[in-house]
Amino acid sequence: MSAWDMAFRSLRRRRLRTSLTASGIIVGVALMFVLLSLTSGMDVQTRQMVRSLGGADITVSNATIPSFEGFGGGGGGPDFFGAAQTLDESYTEIISLIPGVYAVAPQLSSMASINGTRVTIYGIDPSTYFNVTTGLNIVSGTSISEDDEYSIILGKAIADSLNGTVGENVVINTTITQKTFTIVGIFETGTAFQEYAGYILLEDAQKITDQQGLVSQILVKCSDPNDVSDVSEAISSTISGIRATVPTSRVSQASSMLNTMSMFFAVIGIVALFAGSFGVVNTMLMSVSERTREIGTLKAIGAKNFEILKIFMTEALLIGFIGGGVGVLVGAALSYVFPMLTSGIFRVASSTPFGGGGPFGGGRGSDFGRLSTVNISPAIEPYNIVLCFSLGVLVGVLAGIYPAWRAARLKPMEALKRG
Amino acid sequence: MAKVIVRTVGLAKIYRRGKVDIPALNYVDLQISTEEIVCIMGPSGSGKTTLLNLIGGLDKPTHGKVFIDGVDLATLNDKKMADYRLKKIGFIFQFYNLIPTLTAIENVEVPLALAKVSKKERRNRAIELLRTVKLESRADHKPDELSGGEQQRVAIARALANNPSIILADEPTGDLDSRSTVTFMKMVKELNKQKNKTFIIVTHDPHVVEQCNRVYTITDGKIKSVR
């Protein structure tokens, strides 16, 4: 009979105890796995956001903090064009004169609806917008030009949901009016919530929202990337009542918060695994003491110390396998359930760095607000599966060493007497 | 031709309890020949099991030596001692000591597996051994599905697995009814006659004693030949 057979039989004979012991590891592994999947998922989304910032070094917005609920959350309230969140368009020129500024692009973002679907409408000036940002990834049709009045570049997600193609018309509803636009192009970002948006000319946006001469953000590109913070300060000191933010620093703040969260969960996971390992040690010691006579018998009939060690190490390894395997499965399931249960928490968590303070202005804020309704999607990476599974096995094996050594070291005569 | 297979010279085992030395075995000289069935009797605590353990290599003497086939057991290291127990000695215990998670045939296979016999060969050998003890029909039963007598027969089969020359039995019939005891001793005699096994049996049981060629008694660690 091989050590595998013996260990397997012994675990099967004490099913309840085996599963309780394994559950100690399962909890730890599952926790780690959920954490890693969510972190990878959030990481992917963060990277997409960085890309979607489109390369502006500084965004200038109104210093008045907008009420977030009015934008992203509540049922499409009509109050999203508060004057408080806009800037005078003339600031664009003032900023362009500040030394170190390479290009400046005004942008007016606002919420509207197309066929009852809420979308973010960005009014842009094509002559400047593409100097500041990396532009849009147009997958069909063309970009927009200065004389394309009442034309729109639509996000792929909303275009798909409307069955809209280039050349067709869509009706955009704002609280003030409704207007027909022609689709000239379709853009893609790879993230659905960012594609519930459309780009139109700044003048059109100002007209349909009745905000002539106003913009919600001014995007700034610096001549030298190293001057960004100096230029940002210069802008703040030149114009009062505005807020100049450096989006990349916001993102790095957000990811550092993500890291803190990950660390927190990782510590919990490790503590759980540590506690689980004591469970394994305990069960194995119990198993050794219950089977003292068996060990004595095996030694009497000629088993070497190493062979006894092998039997018990195999048992610990099997517990580790069960713990790691089931842990990963439970973790994978939880990674999908967890964000659903806690979407409220994630709404707060995701809106704090991105939306709440309004660093990207109203339109952007509502974008990231929608993130929570889209859900944090976990990313199940093969790498994480291997890592968590191995962690479970490792804990099992490490916890098995001492009990197995104790078993191997038993003196056959005493073991027979005690059993 | 009978020759000496077990020889002890001035064998002593002394346990220290606090500051008092308690001799479990008091300088025993003993010779056992091949093909003998030897019986060791004595009150409990007299040193019978100690003697058996010393011969079986489960314990080390305080003084004296044990020679098996002329080899001094003291010269064997732990690994060689395990090999000695595996190949040269078969153990039978009062409470059978079968592995509860394994079936009868698997229990018989354990010493074969320890001796690295191939899977197929050990299965065949185990069936043959179970046939010897007339238990081939119970091969796939776990110990708790077998009667005491049947379990002890599985234990005999296990003890014989690697074809040892000496079988050590510690009160093998102590937990058996008289019918099973008779069956057990019949098998011992057969194995002794047909396969030339040497048996050293520690017992109180008069049924067992009357079947033995030689009988020793141990009192206070000193051995005396009775028959």
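As shown above, the structure is provided for reference.
Residues numbered from 1 in each chain as written. Chains lettered and ligands numbered in written order. Predicted model: local features only at pLDDT ≥ 70, side-chain atom pairs only at ≥ 80, totals over all residues. Heavy atoms only, no water.

### Digging into the interface of chain B and chain A
Test applied: For this analysis, residues touch if any pair of their heavy atoms sits within 4.5 Å. In short, buried area is how much 1.4 Å probe accessible area vanishes from two parts on joining, totalled over both. When a carboxyl oxygen of Asp or Glu lies within 4 Å of a side-chain nitrogen of Lys or Arg, that pair is called a salt bridge. As used in this structure description, the phrase polar contact means that two N or O atoms lie within 3.5 Å; if the pair is within protein, one of them must be able to donate a hydrogen and the other to accept it, and residues adjacent in sequence are counted only when both atoms belong to side chains. Per the convention used, a helix needs a DSSP run of H or I reaching at least four residues, while a strand needs a run of E reaching at least two, with both numbered from the N terminus. Under the convention adopted here, Pro, Cys and the residues Ala, Val, Leu, Ile, Met, Phe, Trp and Tyr are nonpolar, Asp, Glu, Lys and Arg are charged, and Gly plus all remaining residues are polar.
Between chain B and chain A, the residue contacts involve 27 residues of the former and 19 residues of the latter. A combined buried area of about 2300 Å² lies between chain B and chain A, and 62% of that area is made up of carbon and sulfur atoms. The tally of links between chain B and chain A comes to three salt bridges. Two residues, E307 of chain A and K116 of chain B, come together in a salt bridge whose shortest N-O distance is 3.4 Å. Applying the counting rule to chain B against chain A returns seven residue pairs in polar contact (both at pLDDT 80 or more). The set of elements that each furnish at least two residues to the side of chain B that touches chain A consists of α2 (78-87) and α3 (104-114) of chain B. Looking at which element gives the most residues to the side of chain B that touches chain A, the answer is α3 of chain B, with six residues. Here the residues of the side of chain B that touches chain A sort into 14 nonpolar, four polar and nine charged.

### Things to note about the pattern of salt bridges
Residue and element names in this part refer to chain B. Basically, it comes down to this: The buried label applies to any residue whose accessible area, calculated with a 1.4 Å probe on protein chains only, is under 20% of its type's maximum; exposed applies above 50%, and partly exposed to all values in between.
All told, the structure shown has 21 salt bridges over all chains when counted by the stated rule. With its nearest N and O atoms 3.3 Å apart, the salt bridge here joins K13 to D59. With K13 in strand β1 (residues 4-17) and D59 in the loop between α1 (48-55) and β4 (63-68), this pair connects stretches of sequence that are 46 residues apart. Here K13 matches D59 in class, with each residue buried.

### Here's the deal with the sheet that holds strand β3 (residues 37-41) of chain B
Residues and elements named next belong to chain B. Condition: Between any two strands, pairing holds if DSSP finds at least two bridges. Here, axes are lines fitted to C-alpha atoms. For helices the fit covers the stretch in contact, and angles between N-to-C directions go from 0 to 180 degrees.
Ordered by their spatial adjacency, six strands build an open sheet running β6-β7-β8-β3-β9-β10, and the pairing between neighbours is mixed. Each end of this open sheet is capped by a strand with a single partner; those strands are β6 (89-92) and β10 (222-225). Between one strand axis and the next, the sheet turns through 20 degrees on average, direction left out of account. Across four bridges, the pairing between β6 and strand β7 (residues 166-170) is parallel. By the bridge assignment for β7, I89 is matched with I166. Seen against the sheet, α1 touches β3, β6, β7, β8 (198-202), β9 (214-219) and β10 and runs at an angle of roughly 150 degrees to β7.

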